[in-house]
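# Overview (structure and organization)
In case you want the letters, here they are:
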Amino acid sequence: MIKVVSADLERREHQRAVVELLDAYARDPKGNGKPLDEDVKRELIGRLQQHPTTHILLAYADDQPVGIAVCFIGFSTFVARPLLNLHDFAVLAEHRGQGIARALMEAVEAKARELDCCKVTLEVDEHNQRARRLYHAAGFGRSERVHQFGKGLFLTKPI
C-alpha cells in the first residue's frame, strides 16, 4: 500500500526520511552520482525549515519511506498567482515501477491546487526518458516560449 504525506520537518522520522531519500537520490546516476556531503546532511533540515516556501511530500510503501517530492512556492507575475516548483523528485530504485511516482505526482498536483497555484514547474534531464514519460502522463508539456526573439531557455549559474 502506498501512502503520501506532507512532511512535518519537526518530526524526527520525517527529518530522517528526507535526508535518507535525498542522499539516495544524490547517489543515483540520474541525481548527482555521489552522496550528499556530510555538512549538507547536517544542515539540510534546519535550512529547509528556515525556507518559508518549502513543501515536501513523502511516499511510504509498507510504512517505509520510498519516495520524495521537494517543492518550493514561486510566483507568476503574468497571472498574479503562486506556482509550485517541483525541485527534487525521486523514488528509491528498488521501488520503481510500483506506482509510487504516479502517487507522488498526484499529491504534488493536489498540493498546488490547495495552495491556489496557477501551475507546477519542473526541470528534467532530456535523456531521462522514464521521468519524461511520467511527467507527460501527468499532463506536463514543454514550456518553450517561442516568440519573435526565439525560444525561452532555462539557465543556471552556480554561486
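Since we're looking at a predicted model, the values are computed, not measured.

Cut-offs and rules
- As a convention, each chain's residues are numbered from 1 in the sequence order in which they are written.
- Totals for whole chains, interfaces and linings use every residue, but because this is a predicted model, local features are given only for residues with pLDDT of at least 70 and side-chain atom pairs only at 80 or more, for both listing and counting.
- Only hydrogens and water are removed before side-chain values are computed, so all heavy atoms of the structure are retained for them.
- Any two strands are treated as partners once DSSP identifies two or more bridges connecting them.
- Secondary structure elements follow DSSP: runs of H or I no shorter than four residues count as helices, runs of E no shorter than two count as strands, and numbering proceeds from the N terminus.
- Salt bridges are identified by distance alone: a Lys or Arg side-chain nitrogen within 4 Å of an Asp or Glu carboxyl oxygen.

Alignment of strand β2 (residues 54-61) against strand β3 (residues 64-76), held across eight bridges, turns out to be antiparallel. Note that in β3 the partner of threonine 54 across the bridge is phenylalanine 72. Between β2 and the antiparallel strand that follows it, β3, lie two residues; aspartate 62 among them carries a positive phi value of about 50 degrees. As defined by bridge partners, β3 adjoins strand β4 (residues 81-91) across ten bridges and the pair is classed as antiparallel. Within the sheet, the bridge partner assigned to glycine 74 lies in β4 and is leucine 83. Linking β3 back to β4 in an antiparallel pair, the connection comprises four residues, with alanine 80 at a positive phi of about 55 degrees.

Turning to the pattern of salt bridges, a few remarks are in order. With the rule as written, the count across this model stands at nine salt bridges. Because the salt bridges share partners, they merge into one network encompassing Asp23, Arg27, Glu38 and Lys41.

Backbone phi values are negative for most residues with the exception of glycine, while trans is the configuration of most peptide bonds. Positive phi outside glycine occurs at aspartate 63, with the angle close to 65 degrees. Structurally, aspartate 63 can be placed in the loop between β2 and β3. Although it is not a glycine, alanine 80 adopts a positive phi angle of roughly 55 degrees. One can find alanine 80 in the loop between β3 and β4.

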